[in-house]
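Working through the structure, step by step
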Amino acid sequence: MTVRAARLLVLPIVLSALPAFAAPSIVGQVEEAARAQLETQAAASGLADARFELTVVPPRVAPNCPGPVEVDTLDTRQASRMRFAVRCPQAGASRLEYIVRARISASVVVMAAPLAANELITDAHLTVGQRDITSIADPVVAPIDAVGQTSRRSLRAGDVLRNSSLTAPVLVKRGDAVVMIARIEGIEVSMAGEALDAGAKGATIRVKNSASGQTLRMRVTAPGTVEPTDMPRLNR
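Let me begin by describing the structure that accompanies this report. All of these numbers come straight from a predicted model, not from anything done at the bench.

Time to look at the side chain of D75. Relative to the assigned elements, D75 resides in strand β2 (residues 70–75). With a relative accessible area of 17%, D75 lands in the buried category. Engagement of the side chain of D75 in a polar contact is seen with the side chain of R77, the distance being 3.0 Å. The contacts of D75, once residues within four sequence positions are left out, are R81, M82 and R83.

Each regular strand displays side chains that alternate between the two surfaces of the sheet. Residues T225 and E227 line one face of strand β14 (residues 225–228) and the alternating positions V226 and P228 line the opposite face, and both faces are buried. Summarising the sheet, strand β9 (residues 177–184) and β14 pair through two bridges and their orientation is parallel. Residue pairing in the sheet places V179 in a bridge with T225 of β14. Examined bridge by bridge, strand β13 (residues 215–222) and β14 share four bridges and lie antiparallel to one another. Directly across from M218, in β14, lies its bridge partner P228. Turn length for the β13-β14 hairpin, with the two strands adjacent in sequence and antiparallel, is two residues, and the turn residue G224 shows positive phi of about 75°.

Before going further, it helps to spend a moment on the environment of S45. By secondary structure assignment, the location of S45 is in helix α2 (residues 26–45). Of the residues examined, S45 reaches a relative accessible area of 45% and is grouped as partly exposed. Taking the C-alpha atoms as reference points, S45 and A137, 92 residues apart in sequence, are found 9.4 Å from one another.

Each value, and the rule that gives it
Residues numbered from 1 in each chain as written. Predicted model: local features only at pLDDT ≥ 70, side-chain atom pairs only at ≥ 80, totals over all residues. Heavy atoms only, no water. Helix = DSSP H or I, 4+ residues; strand = E, 2+ residues; numbered from the N terminus. Buried < 20%, exposed > 50% of the residue type's maximum accessible area, 1.4 Å probe, protein only. Polar contact = N/O pair within 3.5 Å; in protein donor to acceptor, adjacent residues only side chain to side chain. Contact = heavy atoms within 4.5 Å. Pairing = 2+ DSSP bridges.

Quick look at the structure:
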């Protein structure tokens with residue numbers, strides 16, 4: 001037997017030992033499904049430069065599938081414990097659960113300086129940086145979304161700013177003297193009043209007409225200024 005013949009004889013044996021195709025691993029397919037879910041959520045939240053570190057925790061007995069598996073999403077509300085169901089079509093309809101633990105970081109708004117509760121937020125208070133937001137569901141993604149608002153609690157430099165911490169500043173306090181302004185068919189009518197409630201911009205509060213004593217429901221438009229919510233006729 002010549003050397004060439006021997007090589008030709010060995011080649012089919014080697015090829016027969018190789019798999020027909022390189023099937024993606026089950027862990028890889030679950031990780032791909034988890035990453036797709038996180039990317040969709042990040043895009044919906046407007047996150048910039050979102051990065052994911054994923055760890056797939058398989059069941060104690062993993063399915064032995066010769067080809068791709070079917071991956072269904074069960075629960076992705078918590079990035080630290082995402083649940084996926086895996087089914088091997090070739091092995092029947094039974095499904096096994098895989099857990100994916102994700103670590104998420106993104107470019108978000110961070111406090112550049114301390115802020116007291118109810119203090120007005122300015123540009124000087126804010127900066128932007130890459131932070132771990134795995135346990136933060138509602139980070140502020142742009143400074144413009146926070147400037148001009150206040151925080152419900154005090155914040156330290158370096159804290160990630162959350163949307164749930166933000167609140168519109170109170171423009172009218174209870175007992176404040178206010179101007180009630182109504183515009184009807186191009187005519188502006190203003191009356192003096194007293195705020196019976198506190199309110200931020202857009203809030204509906206009760207205001208007592210100083211001239212008539214009538215109590216009206218008014219909408220806060222600016223510091224010390226309100227307008228009728230339903231354009232009632234003001235008593236002169």
